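# Remarks on the overall topology
The chain contents come next:
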Amino acid sequence: MYQLSRRTGLLAACAWGFAGVIPRYLHAQGAPRQSLPIPPELRADAAGTIKLDARTGTMRFLGDRDTATYGINGPYLGPALRLRRGETVTVQVTNNVPENITMHWHGLIIPGSADGGPHQVIKPGKWWETKLEIDQPAATLWFHPHYYPSTAQEVIKGLAGLLIVDDEEASGLPLPNRWGVDDIPLIIQDRRFTPDGQFFDRMNIIAVVNGYVGDVALVNGARYPEAHTGRGWIRFRILNGSNARSYNLSTSDNRSLYVIASDGGLLASPVELKQLLINVGERFEVMVDTRDGRAFDIVTLPVAQDIMRLPPFDGPLALVTIRPDGSDGPAQLPASLARLPALPQQLPPISQELVMNMFRDMPGMMPLKQAGLPAMIESGKTDPAVVARVVDLIVNDPALPEKEQLSSNGVNGQPFALETINFSAARNEDLRWRIAEGSDVMLHPVHIHGCQFRIVSHDGKPPPPQLAGWKDVAPISKGGASEILVRFPHGATRDDPYMAHCHILEHEDSGMMAQFTV
């Protein structure tokens, strides 16, 4: 087991070049590896309709044990919806799971009435139909339920899928575009299982403060799969579909990641990185040069949050093996990608501040301190006794009564309430918002509905280049703040408002969400 301290772990991992990274999942000697599942593409039919069916199913994630799941048009996760700028489609969502759901189109710039937020409930056995008019640049988006207060458990069970917008400008670039060959989707999630193989899920004080802590990594619903791809430049559309965990992605042989797009579309030019941090809800499109034909792993390195450094995430963890043994592809890495609008020299005054609040962070952190977690992380040595105590808190601490759950977190001093509109925003105006933490220093990737925005400052400095394009998630941590420039082209009424919330789903489901009209 690798032993990494908070201060030196990432630097050491980079220095090693990961030449000796060993997959942290144990497979029987000679057992075949599972192929990376590729979600099927789904486009509108001749009538301009897309039909989605949320249903129950079973999967085998752990050997011969069946896990009860939810999925969309299948047993787990959903298809990749392909939409094109300029088209209008009708989407019909049928709910065949035994609980209320909604379906939110995360990252689409659409009116509040089509957004699929907490007010647009689909009861079991019922269906919801909405029109989606697509008018935004090519991007990798996603869809998932947004029912309050059980979004977290519904995503854990498998309700999520990719939503890809295409346009003429992106199609004219020499980017990889052969789905499943050199254009590869990677939906990364972590899960924890009960002894009988079911998904673990408990909204206790540890969860509402720290979020969901899994100990199994899944990529497209598979444990450490392998992908046989084309040879040449490969494009990875990466979605952090976890409930709470961030990933610090790299490659096992230290080859470069060229970031070409963020949440809302292409960057101005590629950004070369050796490590890429992706928080929950975020998407990045990354190109990797595989012209040498050599296999490598995409790995995740330890992140800053103490509880997210429990095994097997206490060292480099292999997520998926890439084997570029197919035919050579014609794709290239362009020097320039998209023309992003210049930010105004004179920004408008701040019109809205969103402060993330945690009202029970001390009761959620103190047991971890008493169990020895911070001291263990600081020592750089994984202590099985400490790990056992922390895992016991995660799985055995009693679930909170719903009233306590719903009042554990908030925005601007108030827990979320379905009947309360927290503020209003002007339509078709450039607005400058500040997203911040008060006394809280935990990670909060903040998502805003109905828009794509630009981060104009991150902790008082210009954002790093991979965050300088179109975004719908602004991560803040360590008492920091982000300022964004945002515009809302569509309206959102009191009956169908937009949401602004932390995308750690356990934070969202315990009050860290506000709703607003436009």
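Note that the structure is a prediction, hence the values are computed from the model and not measured.

In this model, helix H7 (residues 384–396) (13 residues) spans 17 Å end to end at C-alpha, consistent with the 18 Å of a helix rising 1.5 Å per residue. Along H7, the residues that are buried comprise Val386, Val387, Val390, Leu393 and Ile394. All buried residues of H7 lie within an arc of 125° about the axis, which places them on one face of the element. On its buried side, H7 packs onto helix H4 (205–210), helix H5 (361–371) and helix H6 (373–379). N-cap assignment for H7: the residue whose side-chain oxygen lies 2.9 Å from the backbone N of alanine 385 is aspartate 383.

This brings us to the packing of H5 against H7. Running from N to C, H5 and H7 point in directions that differ by 155°, and their axes come no closer than 9 Å. Between H5 and H7, the angle falls in the class roughly antiparallel. When the axes of H5 and H7 are compared, the crossing they make is right-handed. Contacts between H5 and H7 involve Pro367, Leu368 and Ala371 from the first element and Val386, Arg389, Val390 and Leu393 from the second.

Moving on to the pairing of strand E30 (residues 498–502). Most of E30 sits inside the fold, with 5 of its 5 residues counted as buried. Where burial is concerned, the two faces of E30 agree: the one with Tyr498, Ala500 and Cys502 and the one with Met499 and His501 are both buried. Looking at chain direction, strand E25 (residues 444–448) and E30 are connected through 3 bridges and run antiparallel. Of the residues in E30, the one forming a bridge with valine 446 is cysteine 502.

As a further point, take unusual backbone geometry. Each neighbour pair has its own omega, and for tyrosine 148 with proline 149 the value is 10°, a cis peptide bond. By the element assignment, proline 149 lies in the loop between strand E8 (139–144) and helix H2 (151–157). The amide bond that connects proline 311 to the next residue, proline 312, takes the cis arrangement and shows omega of 5°. By the element assignment, proline 312 lies in the loop between strand E19 (296–301) and strand E20 (317–323). Phi at tyrosine 224 is positive, roughly 40°, even though this residue is not glycine. Relative to the elements of secondary structure, tyrosine 224 occurs in the loop between strand E11 (216–219) and strand E12 (226–228). By relative accessible area, which is 5% here, tyrosine 224 ends up buried. Backbone geometry at lysine 478 places phi at a positive 55°, although glycine is not the residue there. With respect to the helices and strands, the residue lysine 478 is situated in the loop between strand E28 (473–476) and strand E29 (481–486).

As a further point, take the sheet that holds E28. The sheet built from 5 strands is open, its strands ordered E23-E31-E30-E25-E28 with mixed pairing. The open sheet terminates on both sides in strands that have one partner only, identified here as strand E23 (423–424) and E28. Both E23 and strand E31 (residues 513–517) contribute to a ladder of 2 bridges, which runs parallel. Considered in E31, the bridge of serine 424 is made with threonine 517.

Mapped onto the secondary structure, glutamate 437 falls in strand E24 (residues 431–437). Despite its burial, glutamate 437 pairs with no opposite charge, the nearest such side chain being arginine 434 at 9.7 Å. Among the polar contacts listed, one links the side chain of glutamate 437 to the backbone nitrogen of methionine 442, at a separation of 3.5 Å. Beyond its immediate sequence surroundings of up to four residues, glutamate 437 is in contact with Val355, Met356, Met442, Leu443, His444, Ile476, Ser477, Lys478, Gly479 and Gly480.

Time to look at the packing of aromatic side chains. The final tally for this structure, using the stated rule, is 15 aromatic pairs. Judged by centre distance (5.5 Å) and plane angle (75°), the ring pair of tryptophan 233 and tyrosine 258 falls under edge-to-face. In this pair, tryptophan 233 sits in strand E13 (residues 233–240) while tyrosine 258 sits in strand E15 (residues 257–262), placing the two residues 25 residues apart along the sequence. In this pair, the class of tryptophan 233 matches that of tyrosine 258, namely buried.

Estimates place the volume of the largest pocket at around 1400 Å³. In terms of lining, the largest pocket is formed by 44 residues, of which the most central are Val303, Ala304, Gln305, Ser477 and Lys478. Counting residues per element, the lining of the largest pocket draws most heavily on H5, which supplies 4 residues. Considered class by class, the residues forming the lining of the largest pocket number 25 nonpolar, 10 polar and 9 charged. Roughly 420 Å³ of volume is contained in the second largest pocket. Lining the second largest pocket are 19 residues, with Ile109, Gln452, Trp470, Arg487 and Pro489 sitting closest to its centre.

Rules and cut-offs
Residues numbered from 1 in each chain as written. Predicted model: local features only at pLDDT ≥ 70, side-chain atom pairs only at ≥ 80, totals over all residues. Heavy atoms only, no water. Helix = DSSP H or I, 4+ residues; strand = E, 2+ residues; numbered from the N terminus. Expected span 1.5 Å × (residues − 1). Buried < 20%, exposed > 50% of the residue type's maximum accessible area, 1.4 Å probe, protein only. Arc of directions from axis to C-beta. Contact = heavy atoms within 4.5 Å. Polar contact = N/O pair within 3.5 Å; in protein donor to acceptor, adjacent residues only side chain to side chain. Axes fitted to C-alpha atoms, helices over the stretch in contact; angles between N-to-C directions. Parallel < 35°, antiparallel > 145°, perpendicular 65-115°, else oblique. Left-handed = near helix turned anticlockwise from the far one by under 90°. Pairing = 2+ DSSP bridges. Lys, Arg positive; Asp, Glu negative; His and termini not counted. Salt bridge = Lys/Arg side-chain N within 4 Å of Asp/Glu carboxyl O. Phe/Tyr/Trp six-rings, centres within 6.5 Å; stacked < 30°, edge-to-face > 60°. 1 Å grid on protein atoms, 1.4 Å probe; cavity = no way out; pocket = protein on both sides within 12 Å on 5 of 7 lines; lining within 4 Å. Points joined across faces, edges and corners; volume = space filled by probe spheres on them. Nonpolar A, V, L, I, M, F, W, Y, C, P; charged D, E, K, R; others polar.

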